[in-house]
Amino acid sequence: MTPAIGSSPTRVDGPAKLRGRAPYAMEHSLRDALHAFPIQATIARGRIGAIDTREAETMDGVVAVLTHLNAPRLAADDDNELFILQNDEVAFRGQLIGVVVATSPEVAREAATRVRVSYDESPADVVFDADRDDLYAPEDVSGGFATDTTIGDVEKALDLAPVTVDHTYTTAMVHNNPMEPHATIAHWTEDGLILYDSTQGPHVVRSTLAPLFGLEPEQVHVIAPYVGGGFGSKGEPHANIVLAAMAARFTGGKPLKLALTRQQLFSLAGYRTPSVQRIRLGAHHDGTLTALSHDVVQQVSKVKEFAEQTAIVSRVMYASGTRATTHRFAALDVPVSSWMRAPGHCPGMYAAETAMDELAVALGMDPIALRIHNEPEVDPESGRPFSSRGLVECLRTGARRFGWADRDPAPRSRRDGRWLVGSGVAAATYPADVNPGNSARVRFTGGRYEVAIDAMDIGTGTWTTLGQIAADALGVAGDRIDLRIGDSRLPAGTVAGGSSGMASWGSAVVAAAEDFRRRYGDDPADGAETTVETSKDPARENFSTHAFGAHFVEVRVDTDTAEIRVPRVVSVFGAGRIINPRTARSQFIGGITMGIGMALHEESVFDTRIGEVVNHDLAGYHVPVNADIGEIDVSWIDEHDPHVNPMGAKGIGEIGIVGSAAAVGNAIYHATGVRVRHVPIHLEDLLDAV
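Anyway, here's the lowdown on the structure attached to this text. (Residues numbered from 1 in each chain as written. Predicted model: local features only at pLDDT ≥ 70, side-chain atom pairs only at ≥ 80, totals over all residues. Heavy atoms only, no water.)

Strand order in the open sheet made by the four strands is 22-21-20-23, with mixed pairing throughout. Here the strands that pair on one side only, and so sit at the sheet edges, are strand 22 (481–484) and strand 23 (529–533). Mean inter-strand twist for the sheet, computed between neighbouring axes without regard to direction, equals 15 degrees. Where strand 20 (residues 439–445) lies against strand 23, five bridges are found, and the strand directions are antiparallel. Looking at the pairing, Val442 lines up with Thr530 of strand 23. Contacting strand 20, strand 21 (448–452) and strand 23, helix 12 (residues 501–520) runs over the sheet at an angle of about 140 degrees to strand 23. (Pairing = 2+ DSSP bridges. Helix = DSSP H or I, 4+ residues; strand = E, 2+ residues; numbered from the N terminus. Axes fitted to C-alpha atoms, helices over the stretch in contact; angles between N-to-C directions. Contact = heavy atoms within 4.5 Å.)

What follows is about the pattern of salt bridges. Counting across every chain of the model gives 40 salt bridges. A salt bridge links Arg132 to Asp134, with the shortest nitrogen-to-oxygen separation between them at 2.8 Å. When its relative accessible area of 16% is taken as the criterion, Arg132 is described as buried. The class of Asp134 is partly exposed, set by a relative accessible area of 37%. For Arg272, the salt bridge goes to Glu308, with nearest N and O atoms at 3.5 Å. Here Glu308 lies in the loop between strand 16 (289–301) and strand 17 (323–332) and Arg272 lies in the loop between helix 7 (262–268) and strand 15 (275–283), a separation of 36 residues in the sequence. Taken individually, Arg272 and Glu308 each receive the classification buried, so the pair is uniform in this respect. (Salt bridge = Lys/Arg side-chain N within 4 Å of Asp/Glu carboxyl O. Buried < 20%, exposed > 50% of the residue type's maximum accessible area, 1.4 Å probe, protein only.)

Let us now look at the state of the cysteines. Under the counting rule described, the total for this entry stands at zero disulfides. Between Cys346, a free cysteine, and Cys394, which holds the nearest cysteine sulfur, the sulfur-to-sulfur gap is 18 Å. Looking at Cys394, the relative accessible area reads 0%, which means it is buried. (Disulfide = S-S within 2.5 Å.)

Moving on to the sheet that holds strand 19 (residues 419–431). In spatial order, the strands read 18-19-24-25-28; together these five strands make up an open sheet with mixed pairing. The sheet is open, and its two edges are formed by strand 18 (415–416) and strand 28 (631–636), each paired on a single side. When strand 24 (residues 546–558) meets strand 25 (residues 564–574), the two strands line up antiparallel, connected through nine bridges. Within the sheet, the bridge partner assigned to Phe548 lies in strand 25 and is Gly574.

With that settled, the discussion passes to the nonpolar core. Ranked by size, the top nonpolar core spans 96 residues in total, and within it Leu281, Leu359, Phe552, Leu600 and Val664 carry the most contacts. Looking at which element gives the most residues to this core, the answer is helix 8 (residues 345–363), with ten residues. If we ignore the near neighbours within four places in the chain, the residues touching Leu359 are Val163, Val165, Leu281, Ala283, Leu289 and Leu370. Within the second largest apolar cluster, 40 residues are counted, among which are Ala440, Val451, Ala496 and Ala513. (Core = buried A, V, L, I, M, F, W, Y, C linked by side-chain atoms within 4.5 Å.)

One pass over the structure, following the stated rule, counts 15 aromatic pairs. Measuring from ring centre to ring centre gives 5.5 Å for Phe266 and Tyr621, while their planes differ by 70 degrees; the resulting arrangement is edge-to-face. On the criterion of sequence distance, the pair formed by Phe266 in helix 7 and Tyr621 in the loop between strand 27 (612–613) and strand 28 is long-range, its members being 355 residues apart. A relative accessible area of 5% means that Phe266 is categorised as buried. Given the relative accessible area of 0%, Tyr621 is considered buried. In this structure an aromatic cluster arises from ring pairing among Phe444, Tyr449, Phe516 and Tyr520. We note Arg389 situated over the ring of Phe386; from NZ or CZ to the ring centre the distance is 4.8 Å. (Phe/Tyr/Trp six-rings, centres within 6.5 Å; stacked < 30°, edge-to-face > 60°. Lys NZ or Arg CZ within 6 Å of the ring centre and 35° of its normal.)

A cis amide bond, omega 0 degrees, links Val679 with the succeeding residue Pro680. Here Pro680 shows up in the segment after strand 29 (678–679). The phi dihedral of Asp32 falls on the positive side, at around 60 degrees, and the residue is not glycine. Locating Asp32 in the fold gives a position in the loop between helix 1 (14–18) and strand 1 (34–40). Unusually for a residue other than glycine, Ser499 sits at a positive phi of about 50 degrees. Among the secondary structure elements, Ser499 is positioned in the loop between strand 22 and helix 12. You can call Ser499 buried: its relative accessible area is 11%.

Turning our attention to a nonpolar patch on the surface. Judged by side-chain polarity, Val605, Ile610 and Val614 come together as a nonpolar surface patch covering roughly 210 Å² of accessible area. For Val614, a relative accessible area of 43% puts it in the partly exposed group. (Patch = residues over 30% accessible without salt bridge, like charges linked within 9 Å, V, L, I, M, F, W, Y side chains within 5 Å. Areas by Shrake-Rupley, 256 points an atom, 1.4 Å probe, with all protein chains shown as cover.)

What follows is about helix 10 (residues 391–402). Its twelve residues give helix 10 an end-to-end C-alpha distance of 16 Å, which sits within 8% of 16 Å, the value for a rise of 1.5 Å per residue. Looking at the buried residues of helix 10, the elements they touch are helix 9 (367–373), strand 19, strand 24 and strand 25. Looking at the residues trailing helix 10, positive phi occurs at Gly403, about 85 degrees. (Expected span 1.5 Å × (residues − 1).)

Of all seven residues in strand 20, five are buried; the element is thus mostly enclosed. With five bridges joining them, strand 20 and strand 21 adopt antiparallel strand pairing. Within strand 21, the residue paired with Arg441 across the bridge is Ala452. Hairpin remark: strand 20 followed by strand 21, antiparallel, with two residues in the connecting loop; positive phi at Gly446, about 60 degrees.

Structure follows, in structure tokens:
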């Protein structure tokens, strides 16, 4: 039988989506559903002085208006982001301070505008500045990584280095903008709470909401068979889910629908924090790194700390005799930041790979040769061997596919009519993790195998690829697999995030399939069933597990207008065994496209006078569209890694965005001779030069 893994079947869920039969959160049909619309604070800090709901309550169709004065009391207060409508405090502009429930979404929205609120306003601290005197170091950064690390005397090594680079790079605040809005249907029954939610992890929603409402986890049932994108913003529950459940409880037994508008998600659904990163590199004239220092300053909300792990990329990428990394944070009266595709690695690699390009220029050395020259034999931070590390092969393969050997390294050396043409390169990395806490069930019924786990398909292809893993693990054709995912009543599955989903869920499916065959053989009786929870693989602790890649970018800059175009990208990845080349290519291209967006388009403009993002819609917040994206050539090396998981697969959802923005910036430098050390890069940054 031909293995399913490595083949490219079309998406199992494709026909249902094309015909509009795949229900997203708001599309589940529940009779007599009510509709809710949030009320948000219009100051950045203070208290609610008075809130008048009388006009809204008299409107035809309005069922209830909830505020801190009448909302149900929550049973847990350990998460300030979710502890809503419990007091009169306002911690940031856009904070939820009420909700209108009505018989139609139009009435609910109109009634929300008729709620009158007065405030006792306090001075708000909303200005992010890397030179503040109140920056602090958290206990650790996201993922449990150490806040700071030091190996050797970096300052001394920098003083002694013949060649040094010392520059500061900044990245903008950017927001996740999934196509499907953050949406929830909440329905209270005698058994507890049912949620149809747009989430990256039903079990995460269940375990988070249950204690808030004084329930056992089994009393919260979360259903999410289809999710229209998340990019991290749906990786953990935000306050809108709590608001929906609270309003549904207040209004009785009818189901209640609540969907955030595009504008509302800019203050309620997380974002990538802006960063200021100083990178210092020291090297010998032959390119050998002797010192590496990466210092990061970012913002967090006073409401809830999300300490993005931006400098950790510099702990794993290149060999250096000394190195130091630090993270410092400014706590502000702003909305809560959260995960966004490749948190930490994405902004960190922009700065780190731009600095490596600057070092190559200072040395007069090819930037690919510089990276290869500093390839570490083992993980520079932990000293553990890499389970596999395909960076050098990715760089060399990408250089051949791109035609790098024909490149004149001198800036402004190539012109095509009125266009300055440049090329740039950057490396990429992302951890290859397997999360604990996954279980899978295999059941044989009527000649078919039902495979069940609370995995998620957020547009990534899980409906297809997890079925391929199950087919090979059971040794049957793929059309005999009935996959069940996206439901918290299924065996536990961890969040679809951190490029760990398929590795984690697939490991559980393989373990359950192997146990099923041991128990029942190749001819199981009808009704044969087994459920297996995966255990941690202690052997993984002996290795450093990462995916790697390389991006090659061609840019063109108009000498009259400084318009920037990206007609060609070549990216090569070392990501273990590829489960489905068709869906993998889609994921890689999606990440690369977001990297181009980071480099040239995406920026949340924060008005410090009012404490709010002012371009909070897709008219003002620009993301790449088809006309912005040229040819993207994606490929991968043949990488065998038996240490990461039973499939030998590494996550691919996030590595595409890591480093791609740096490659664009490096190409712009080559085209124009202008080094821009911030993203997004605007045409006005280049006008004087062109």
